[in-house]
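Letter by letter, the chains look like this.
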Amino acid sequence: MGAMITMSGDIGITIYPLALTTVIPLLIGLICYLLPNRYIRNVLVGIGVLSAIIGGLWLFFQLSSSGGVITLEIDRISLLGISFSLFELISALDFALLIGFLLIAWERRSYWAGLFALLQLIPLAWYEFMYMPSHADAHGSVAPVYIDYWSGIMCLIISIIGSLIVIYAIKYMEGQRNQNRFFAYMVGFLGAMNAAVFSNNLLWFFFFWEVTTLACYMLIKHEETEEALRNAKWALEVTLGGGTAMAFAIVWLGTMGTPVTSFTELLQASGTNIIPTMLILALAFISLAGLTKSAQVPFQSWLLGAMVAPTPVSALLHSSTMVKLGVYLFIRISPVFQHLPSLGYILAIIGGFSFMVTAILAISQNNAKKVLAYSTIGNLGLIILLAALHTPFSLTAAIVLTVFHAISKALLFLGVGVVQHETHSKEIENMDGLILRKPFITTVLLMGIMTMIIPPFGMFLGKYFAVQAGLEFPLIIFFIAVGSAATVVYYLKWIGRMINMETDAELTPEHMSILFSAPLVVMLSLAVIFSVLVAPVIQSFINPTVEVLGFTAPVSSAFYGTSVITPWGYITPVFIGLFLLAVFLVPLFAHIDRKALTKVYSCGVEYPTVIGGVYFERIMGEEKLNDYVNSLGVGLIAVLIAFGVLAITMSGVI
Amino acid sequence: MDFWPAFIGFIFLLLAPFIGMLVIGLDRKITARMQNRIGPPVLQPLYDVIKLFGKEDKIVNRGQVVFAYAFFVMVVLATSLFCLRSDLLVIFFLLNAGAIFMVMGAYSTRSAFSTIGANRELLQMLAYEPIFLLVIFSIGYAVKSFTIDAIYEPLILKLPLALVAMVIVLMIKMQKSPFDISTAHTEIISGTMVEYSGTYLGLLKLTHWYELFLILGTMALFVIIPGNFVLSIIAMLVLIAVVYGIVMLIDNITTRLTWDALLKVALPLGIGLITANLIYVWYIGGA
Amino acid sequence: MAEADGALTKISRLKSPWILHYDCSSCNGCDIEILACLTPYYDIERFGILNKGNPKHADVLMVTGSVNHRNKVVLKNLYDQIPDPKVVIVVGACGSTGGVFHNCYNVLGGVDKVIPVDVYVPGCPPKPEAIIDGVVKALEKLKALQDGTWKREKEKEKEKTEKDEAKEETEEAKKEEE
């Protein structure tokens, strides 16, 4: 690499893991597109994910040895004798992408997508071709690549969880058409996501953001059915709308008195005594972009429609990684909310409202993937709520939730994918008594759901932290209380359909390919181990992240890392985990006397029991609630935008 | 940890099931007297449970046994944490986990009554969990900490309405009319407990005693006067007598609500009470 | 079963007998009298007796009405689902022998044609006092059962066959030695 590419500026050894996590997957994605041969493609995909994992771990290791922050100034790249600026390369690619979106809009006859693409193209073109050359300081003087612990954690999530999902996808997509296109976008997406979390420069971040939008569109429409095309178009329209908001925000930020072209400058500018009013408007619009990406209310319909995509897509894009980009954005800009608390509170209410409402709506769903989609939206709302509360403790909670949600939700999606692959159905009603037919996957799903709702696991810990964080802004506690109760209801209903068995039959584990079972087992082990050892995890990964973001870490651990101490309470996950283990292992292997087995009570008659699920559509169904939910959501977004607009008119009051 | 509080906590842990049992026994006796009958002896629940432990095992599948044990362990863990004056939020979530395991055990048998009971139990959880969590949150908000040993004055001074909301939780948890759809005896024959017999039913009833102790204990926290042991005990007994008396009275004169009526009555009432209380605490400077 | 239990368990069994009440094909006269026992006037709850609708929770099976070809299956199912130790009380003439219906084409006769019965309470319908007397007798039988002083016919036969088989085995073993 050294002979062909020379770079100017301060780079250091970090360029290697950086390339491993971003450039290699993007390149491999490109090559996969052109390769029809299955075996070479699978090998390449394997190499791609391996490079992402190694790069991610190496990068994290480097981070801890360089104090938690690494910045890289990459100005120019010389490739084979031609020298070009990375800024120009990304700008060119960005415009190409936008023109690509226009072409897609033309092809699909989507007016909204075309409109949004134009609305992004024109201001950005003006900004880059007319404003920037005439203003010398428009480029900013900050390093475009900024890697801190938060980027490091996101990179690890993307690389490790994403890689497990891609490996799973190799088996899942066996025998389907257009696999070269599928894997191109899956692996390329990993690289783009990694690049996004490393970008400090707003234009670079925006480019990779739109690349993920493209990947999302391409992957949702992969199966080319009528439904898939329709839902892909809708997803594209909503996420392009968010992108437009971000484009406006970037242009406004770049044309201010002291231009803001990167996140570090954004945080600096909002820390001043008098916050520029355009900054507030831009922040409102950036928040709007984050909300569309994370499918918060009222934008949740695109994520629900995206469930028609193949399950690895749902796992990768729509639960663990792409929708986390919105959450990443909120945590990245969270120090801003210290100086703009009202904006934070509005966002907290939007997030909390999403959490509560999606939990209630999920009760009435009988499609397993839709249930998981609602759950994802809800948990993302919870994370946004915590990030917007801008206290050290709520940030810790947000990061803990992000990590554990990525693992657990990917696990659940992959499990449902296996069920769909084997039984060709995603309906919960068809999973009736699944434990007798497929005990292994049912156990995996059962344990996955237990990691979501039961102490001592990670997601429970997130809720525990969230309730404690509510001490600082009590309004949100109502959302959390109702939402977490509803969460238990819909998960248990689903579990109940799966685990009912008439009598103590011998359960023989079903035969499953290693490419299915290995990612599931690894993810389950990660979920369990990280949950039980959460105190050291918080101590070594999350507290440094919180500190790097500018706060003092509030959560500590004690008793050799077995208990977690917060400012208002404490919990010992190891202790609880041991009890849980004992109570499950001991009776499971106990001997059951055959004589003791008896029939269920059906009033003595011999008719077989037919059991169906309940979905409470009358009170909690989508038809009943969607109108209220969406109107309230639109109202909240209007408040958000109004906040930004009013800031200009009432300059600096807020 | 100081010796005396730990010792008292340990004694309470040992006495917990007996306290639960006595309250349930008194409940049956006084209910009978209200209905102009003599009623069973006060120690009747003890005889019931010991008889159950002496019965033959008859189960449907292994899963329900595992979940029954899980329920028991979680509740006992929560009680021991309560007696060690630990974090109230953890106790709440452990109780929750216990109820979750109970519902899983009910679902794991392929029985119509059990499934309907489990569905209704879930709806009940949707009703009482938010209220319980909000009560604990308001305690944390008033005291600035969730651990029990941080409570420095009787909570009833600041949180009277939260105590009333806690009564609703008590009624739902202990299956008292009008909130007893989950074990509606005449409709679904004890719902979630239908397929349990013998030892495991005894275990469920024992766990029920522990749960009663925990909920009454949480209510007792409202009247504990730190530092004055005797007065606290007297205050707790008076409170439990008054509260349980009112609950028994309402139980005997009301009929059962359907599940949507339950949600429409219990949730707004509970949340409304807590909201009013939280506004009060914020106003007087608790924040 | 019975001898190994502690004293408290034995006392508790007698102090808390839970009833499963099943109506085979009764005219409901006996059933009304049984339910009358639960009213404040007679109040059998003071003996710890509860009317459970679930065989898995019950100790005492109270049967009324005569058995016919359809409900013999149900009766057997319910009886099997009740965990030991259990007693069966038959209330009314129809359950004891078939009553006025005992020659009908669909009636098998009394309940003892299907399951072993411990106490018969004759009457058409028997008074609540008689029913309570029957329950007391059933509890005495339960006490004898758990003290080991009395065994049911079926158990006696089972023990006899087990003893015979054991005798045969020892004889065969002796023969092989020789």
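Residues numbered from 1 in each chain as written. Chains lettered and ligands numbered in written order. Predicted model: local features only at pLDDT ≥ 70, side-chain atom pairs only at ≥ 80, totals over all residues. Heavy atoms only, no water.

Brief notes about the overall build of chain A
Worth spelling out the cut-off: Each helix corresponds to a stretch of at least 4 residues labelled H or I by DSSP, and each strand to a stretch of at least 2 residues labelled E; elements are numbered beginning at the N terminus. For a compact globule the rule gives 2.2 Å times the number of residues to the power 0.38, and the radius of gyration it is set against comes from C-alpha atoms. Burial here depends on accessible area, computed with a 1.4 Å probe over protein chains only, as a share of the maximum for the residue type. Under 20% is buried, over 50% is exposed, and the range in between is partly exposed. In this description, contact between two residues means that some pair of their heavy atoms is separated by no more than 4.5 Å.
Scanning chain A from N- to C-terminus turns up 26 helices and eight strands. In summary, chain A has a C-alpha radius of gyration of 25 Å against a globular reference of 26 Å for 654 residues, a match within 12%. Over its C-alpha atoms, taken along the principal directions, chain A stretches across nearly 90 × 60 × 55 Å. Burial statistics for chain A: of 654 residues in total, 64% are counted as buried. Put simply, of all contacts in chain A between residues at least 6 apart along the chain, 82% involve residues at least 24 apart.

With respect to the state of the cysteines
How we decide: The rule for a disulfide is simple: a pair of cysteine sulfur atoms within 2.5 Å.
A complete count under the given rule lists zero disulfides over all chains for this structure. Between C94(C), a free cysteine, and C124(C), which holds the nearest cysteine sulfur, the sulfur-to-sulfur gap is 5.7 Å.

Re the packing of helix α5 (residues 149-172) of chain A against helix α17 (residues 392-423) of chain A
Residue and element names in this part refer to chain A. We apply this condition: Interaxial angle, 0 to 180 degrees, is taken between N-to-C directions of lines fitted to C-alpha atoms, where a helix line uses only the stretch in contact. Angle categories: roughly parallel below 35 degrees, roughly antiparallel above 145, roughly perpendicular from 65 to 115, and oblique for all the rest. In the scheme used here, Gly and all other residues not listed as nonpolar or charged are polar, with Ala, Val, Leu, Ile, Met, Phe, Trp, Tyr, Cys and Pro taken as nonpolar and Asp, Glu, Lys and Arg as charged.
Running from N to C, α5 and α17 point in directions that differ by 5 degrees, and their axes come no closer than 11 Å. Classified by the interaxial angle, the pair formed by α5 and α17 is roughly parallel. Side by side, α5 and α17 meet where W150, I153, M154, I157, I161, I165, Y168, K171 and Y172 of the first sit next to I399, T402, V403, A406, I407, A410, L414, G417, V418, Q420 and H421 of the second. Residues of the contact of α5 with α17, tallied by class, amount to 15 nonpolar, four polar and one charged.

Considering the packing of aromatic side chains
Put simply, the rule reads: The rule is short: rings of Phe, Tyr and Trp, with Trp giving its six-membered ring, pair when the centres are within 6.5 Å, and they are stacked under 30 degrees, edge-to-face over 60, tilted in between. In this analysis the charged atom, NZ for Lys or CZ for Arg, is taken to sit over a ring once it is within 6 Å of the ring centre and within 35 degrees of the ring normal.
This structure, assessed with the given rule, holds 40 aromatic pairs over all chains. Judged by centre distance (5.2 Å) and plane angle (55 degrees), the ring pair of F60(A) and F541(A) falls under tilted. Note that F60(A) is positioned in helix α2 (residues 38-65) and F541(A) in helix α23 (residues 534-548), a separation of 481 residues in sequence. Note on F541(A): relative accessible area 30%, which makes it partly exposed. Centre to centre, the rings of F460(A) and Y464(A) are 6.2 Å apart; their planes meet at 35 degrees, and the pair counts as tilted. On the criterion of helical spacing, the pair formed by F460(A) and Y464(A) is a turn pair, its members being four residues apart in helix α20 (residues 458-469). Judged by relative accessible area, which is 1%, F460(A) ranks as buried. Each member of the aromatic cluster is reached from another via a ring pair, and the members are F393(A), F460(A), Y464(A), F465(A), F92(B), F93(B) and F132(B). It is K51(B) that lies over the ring of W18(C); its NZ or CZ is 3.8 Å from the centre.

Some thoughts on the environment of I240(B)
All names here are of chain B. Looking at where I240 falls in the secondary structure, it is placed in helix α9 (residues 229-253). We classify I240 as partly exposed; its relative accessible area is 21%. For I240 and L155, which are 85 residues apart along the polypeptide, the C-alpha to C-alpha distance reads 15 Å. With near-sequence residues (within four places) excluded, I240 lies in contact with L216 and G245.

Topic: helix α4 (residues 88-108) of chain B
All names here are of chain B. Definition in use: To estimate the expected span of a helix, subtract one from its residue number and multiply by 1.5 Å. Whenever a nitrogen or oxygen atom comes within 3.5 Å of another N or O atom, the pair is scored as a polar contact, on the condition that within protein one atom can donate a hydrogen and the other can accept it, and that pairs from neighbouring residues in sequence are kept only if both atoms are in side chains.
Helix length check: α4, at 21 residues, gives a terminal C-alpha distance of 30 Å against a target of 30 Å (1.5 Å per residue), a fit within 8%. In terms of burial, α4 is a largely internal element, 21 of the 21 residues being buried. N-capping of α4 is provided by D87, with a side-chain oxygen placed 3.0 Å from the backbone N of L89.

Focus: the interface of chain A and chain C
Just so we agree on the cut-off: Summed over both partners, buried area is the accessible surface (1.4 Å probe) that two parts give up on being assembled. Here, a salt bridge means any side-chain nitrogen of Lys or Arg that lies within 4 Å of a carboxyl oxygen of Asp or Glu.
Each side of the interface is counted separately: chain A has nine residues, and chain C has ten residues. Both sides together, the interface formed by chain A and chain C hides about 700 Å², and carbon and sulfur atoms give 49% of it. Three residues, T598(A), Y601(A) and G604(A), lead the burial of chain A against chain C; their summed loss comes to 62% of the area buried on that side. Where chain A touches chain C, the interface holds zero salt bridges. Where chain A meets chain C, there are four residue pairs in polar contact (both at pLDDT 80 or more).

Some words on the nonpolar core
As a reminder of what qualifies: For the purposes of this section, nonpolar cores are sets of buried Ala, Val, Leu, Ile, Met, Phe, Trp, Tyr and Cys residues that join through side-chain atoms within 4.5 Å.
Judged by nonpolar contacts, the single largest core of 369 residues is most densely connected at W302(A), I331(A), W494(A), F101(B), M104(B) and L170(B). Broken down by element, the residue count for this core peaks at 19 residues, all from α17(A). Not counting residues within four places of it along the chain, the set of residues in contact with F101(B) comprises M450(A), I454(A), L580(A), F584(A), F67(B), A70(B), F71(B) and M74(B). Residues V194(B), C24(C), A58(C) and V114(C) belong to the second largest nonpolar core, which totals 22 residues.

Some words on the interface of chain A and chain B
Listed by partner, the interface residues are 64 residues for chain A and 60 residues for chain B. Regarding the contact of chain A and chain B, the summed buried area is about 5,600 Å², with carbon and sulfur atoms giving 77% of it. Area buried by chain A at its contact with chain B is led by F478(A), L492(A) and Y601(A), which between them contribute 10% of it. Across the chain A-chain B interface, the total number found is one salt bridge. Here D432(A) and R110(B) are joined by a salt bridge, their closest N and O atoms 3.4 Å apart.

Quick notes on the packing of helix α19 (residues 439-453) of chain A against helix α22 (residues 514-532) of chain A
Residues and elements named next belong to chain A. Selection rule: Definitions for this section: a left-handed crossing has its near helix turned counterclockwise from the far helix by less than a right angle. A right-handed crossing has that turn clockwise.
Where α19 meets α22, the axes come as close as 11 Å, and the angle between the chain directions of the two elements is 30 degrees. Regarding the angle of α19 to α22, the classification is roughly parallel. Judged by the twist between their axes, the crossing of α19 over α22 is left-handed. Where α19 approaches α22, its residues F440, I441, V444, M447, G448 and T451 are matched on the opposing element by S517, L520, V521, L524 and A527.

Re the side chain of E195(B)
Within the element layout of this structure, E195(B) appears in the loop between α7 (185-188) and α8 (198-220). Relative accessible area serves as the criterion here: at 1%, E195(B) is assigned to the buried category. Among the polar contacts listed, one links the side chain of E195(B) to the backbone nitrogen of Y601(A), at a separation of 3.1 Å. Reaching out from E195(B), the side chain makes a polar contact with the side chain of K56(C) at a distance of 2.6 Å.

Let's talk about the layout of surface pockets
Residue and element names in this part refer to chain A. Selection rule: Buriedness for pockets is judged along seven lines, at least five of which must meet protein on both sides within 12 Å for an open set on the 1 Å grid over protein atoms alone, while cavities are sets there where a 1.4 Å probe fits but cannot get out, and lining residues have an atom within 4 Å of a point. Grid points are joined across faces, edges and corners, and a volume is the space filled by probe spheres set on the points.
Of the volumes computed, that of the second largest pocket is approximately 1,400 Å³. Taken together, 40 residues make up the lining of the second largest pocket; nearest its centre are V23, L26, L27, L93 and F208. Secondary structure elements with two or more residues in the lining of the second largest pocket: β1 (5-7), α1 (15-34), β3 (76-79), α3 (86-108), α6 (179-198) and α7 (202-220). In terms of residue count, α1 provides more of the lining of the second largest pocket than any other element does, eleven residues in total. Classifying every residue of the lining of the second largest pocket gives 34 nonpolar, four polar and two charged.

Concerning the side chain of S232(B)
All names here are of chain B. Looking at where S232 falls in the secondary structure, it is placed in helix α9. For S232, a relative accessible area of 6% puts it in the buried group. S232 has contacts with I224 and I225, leaving out every residue within four places of it along the chain.

Some words on the pattern of salt bridges
Side chains carrying opposite charge are able to pair once their charged atoms draw close together. What the rule picks out here adds up to 23 salt bridges over all chains. Its salt-bridge partner being D43(C), residue R37(B) comes within 3.1 Å of it at the nearest N-O pair. Placement of R37(B) in the loop between α1 (3-34) and α2 (44-53) and of D43(C) in the loop between α2 (29-37) and β2 (50-52) is noted, with the two residues assigned to different chains. For D43(C), a relative accessible area of 2% puts it in the buried group. Of the charged contacts in the structure, one is a salt bridge between D80(C) and K76(C), with a shortest N-O distance of 3.4 Å. Note that D80(C) and K76(C) are positioned in helix α3 (residues 71-81) at a spacing of four residues, about one turn of the helix. For D80(C), a relative accessible area of 35% puts it in the partly exposed group. Its relative accessible area of 34% is what places K76(C) among the partly exposed residues. One salt-bridge network, in which partners are shared between bridges, spans R28(B), R37(B), D48(B), D43(C) and E45(C).

Keep in mind these values describe shape, not function.
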